[in-house]
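# Structural overview
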Amino acid sequence: MDNLKGMAWMVLAMLAFALTDMVLVFATRALPVGQVLFLFGTGGAVLFGIWAGMQGHRWISPVLLMRPVMVRNGAEVLATVSFVFALSLIPLSTLSAVIQANPLLVTLGAALFLGEKVGWRRWLAICIGLFGVLLIVQPGADGFDPNILFAVAAAIGLSLRDLATRPVPRDVPTTLLASYSFAAVGLAGLAVMPLAGGWVTPAPAMALIIPGGVMMGMVAYFAITAAMRVGEIAVVTPMRYSRLVFAFVIALVVFDETLDALTLLGVAIVIATGLYSLWRERRARPARPDAPPAAP
């Protein structure tokens, strides 16, 4: 195992994901949300489908009708639709901060739905981490924006997706799972389109930006897969939090956003409790292969 190389791959993956988020922000400012979901979803489904075909897998497969796969696709739709709506309505920095609660929510869901044993230390970490999320969301504050609930829904959807991935048989290729997820998002975008602005002819620049965003997602997928193959999961996984650093830099430099003290405190609490929960989980059971990445 080459942990240094694995950490570098993971940081590259998080940078690619953050850049994909930036592209999505530009896209939602120029195009209706439903159209953005449809374009990104269908583009990702085609590219991952081609990749799976190059690996010798057929897209039309009984895998598509497996219950865990269908649940995973449903969770992916909830996560991605909520995520893109959030990107169009709230600051990127706020959204990025809220979804950092994903590891804590996965631990909570594993205990509630999968019967995983969670000790009192991790329960305490979950409670403290959720308090950190409240500091970020700031319900009841004068400037509370109810649109931030889209970010909360996205975090819940991402956690449900990760939980649904666990029962998927190990021999199911991750490229096929990713293609199915993108296809589900594309269909969701098609369904949302009549309610969210319809179809707008993209400007020439946007016609280049959107495929670039899809390709950036492919880079992120390749990098995160490489990270998990060359490094120890317990060492590489914490590097996922570097995505927040990149997101904050993009938010401050590109979109001129500002961060208040309560948000930063909440982020610090969420990251600290998330890292502690990951550490306790690695001690409690052997490391498992990472869940396949999904639509941006």
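What counts, and at which threshold
Residues numbered from 1 in each chain as written. Predicted model: local features only at pLDDT ≥ 70, side-chain atom pairs only at ≥ 80, totals over all residues. Heavy atoms only, no water. Helix = DSSP H or I, 4+ residues; strand = E, 2+ residues; numbered from the N terminus. Core = buried A, V, L, I, M, F, W, Y, C linked by side-chain atoms within 4.5 Å. Buried < 20%, exposed > 50% of the residue type's maximum accessible area, 1.4 Å probe, protein only. Contact = heavy atoms within 4.5 Å. Axes fitted to C-alpha atoms, helices over the stretch in contact; angles between N-to-C directions. Parallel < 35°, antiparallel > 145°, perpendicular 65-115°, else oblique. Left-handed = near helix turned anticlockwise from the far one by under 90°. Nonpolar A, V, L, I, M, F, W, Y, C, P; charged D, E, K, R; others polar. Patch = residues over 30% accessible without salt bridge, like charges linked within 9 Å, V, L, I, M, F, W, Y side chains within 5 Å. Areas by Shrake-Rupley, 256 points an atom, 1.4 Å probe, with all protein chains shown as cover. Salt bridge = Lys/Arg side-chain N within 4 Å of Asp/Glu carboxyl O. pLDDT = per-residue confidence, 0-100. Phe/Tyr/Trp six-rings, centres within 6.5 Å; stacked < 30°, edge-to-face > 60°.

## Observations concerning unusual backbone geometry
In this structure, D256 takes a positive phi of about 55° despite not being glycine. When you line up the elements, D256 lands in the loop between α11 (242-253) and α12 (261-284).

## A short note on the nonpolar core
Within the largest apolar cluster, 50 residues are counted, with the highest numbers of intra-cluster contacts made by V36, F40, F83, L87, L95 and V267. The element contributing the most residues to this core is helix α3 (residues 67-89), with 7 residues. When sequence neighbours within four positions are dropped, the list of residues in contact with L95 reads F83, A86, L87, I90 and A151. Ranked by size, the runner-up nonpolar core spans 10 residues in total, among them A16, A223, I224 and A227.

## A look at the packing of α3 against helix α8 (residues 174-192)
Between α3 and α8, the shortest axis-to-axis distance is 9 Å and the interhelical angle comes to 55°. Accordingly, the angle class assigned to the pair α3 and α8 is oblique. Relative to α8, α3 is oriented so that their crossing is right-handed. Judged by residue contacts, V69, R72, N73, E76, V77, T80, V81 and F85 of α3 engage L177, Y180, S181, A184, V185, A188 and V192 from α8. Here the contact of α3 with α8 is built from residues that sort into 10 nonpolar, 3 polar and 2 charged.

## With respect to a nonpolar patch on the surface
Taken together, the side chains of L78, L112, F113, L114, W123, I156 and L160 define a hydrophobic patch exposed on the protein surface, amounting to about 650 Å² of accessible area. Only α5 (102-113) and α7 (148-165) provide two or more residues apiece to the nonpolar patch. As for its placement among the helices and strands, L112 is situated in helix α5. Given the relative accessible area of 54%, L112 is considered exposed.

## A word on the pattern of salt bridges
Taken as a whole, this structure holds 2 salt bridges when the rule is applied. Note that D21 and R243 form a salt bridge whose closest N and O atoms lie 2.9 Å from each other. Of this pair, D21 sits in helix α1 (residues 3-30) while R243 sits in helix α11, and the two are 222 residues apart along the sequence. Across this residue pair, the class does not change: D21 and R243 are buried. A salt bridge links R161 to E76, with the nearest nitrogen and oxygen atoms 3.8 Å apart. In this pair, R161 sits in helix α7 while E76 sits in helix α3, placing the two residues 85 residues apart along the sequence. When its relative accessible area of 0% is taken as the criterion, E76 is described as buried.

## Focus on the confidence of the model for the protein chain
When the pLDDT values of the protein chain are averaged, the result is 83; 90% of them are 70 or greater. Contacts of residues 287-296 to residues separated by more than four positions or lying in other chains number 36 contacts, the stretch itself having pLDDT below 50.

## Regarding the packing of aromatic side chains
Scanning all chains against the criterion turns up 6 aromatic pairs. Between F48 and F182, the aromatic rings sit 5.3 Å apart at their centres with planes inclined by 25°, giving stacked as the arrangement. You can see F48 sitting in helix α2 (residues 33-54) and its partner F182 sitting in helix α8, a full 134 residues away along the chain. Taking the relative accessible area as the measure of exposure, F182 reaches 5% and is therefore buried. Through successive ring pairs, a cluster of aromatic residues spans F48, W51 and F182.

## As for the environment of P62
Relative to the assigned elements, P62 resides in the loop between α2 and α3. Given a relative accessible area of 68%, P62 falls into the exposed group. Spatially, the C-alpha atom of P62 lies 42 Å from that of I136, the residues being 74 residues apart in sequence.

## Regarding the side chain of N73
Along the chain, the position of N73 falls in helix α3. Beyond its immediate chain neighbours, meaning those up to four positions away, N73 contacts L64, Y180, S181 and A184.

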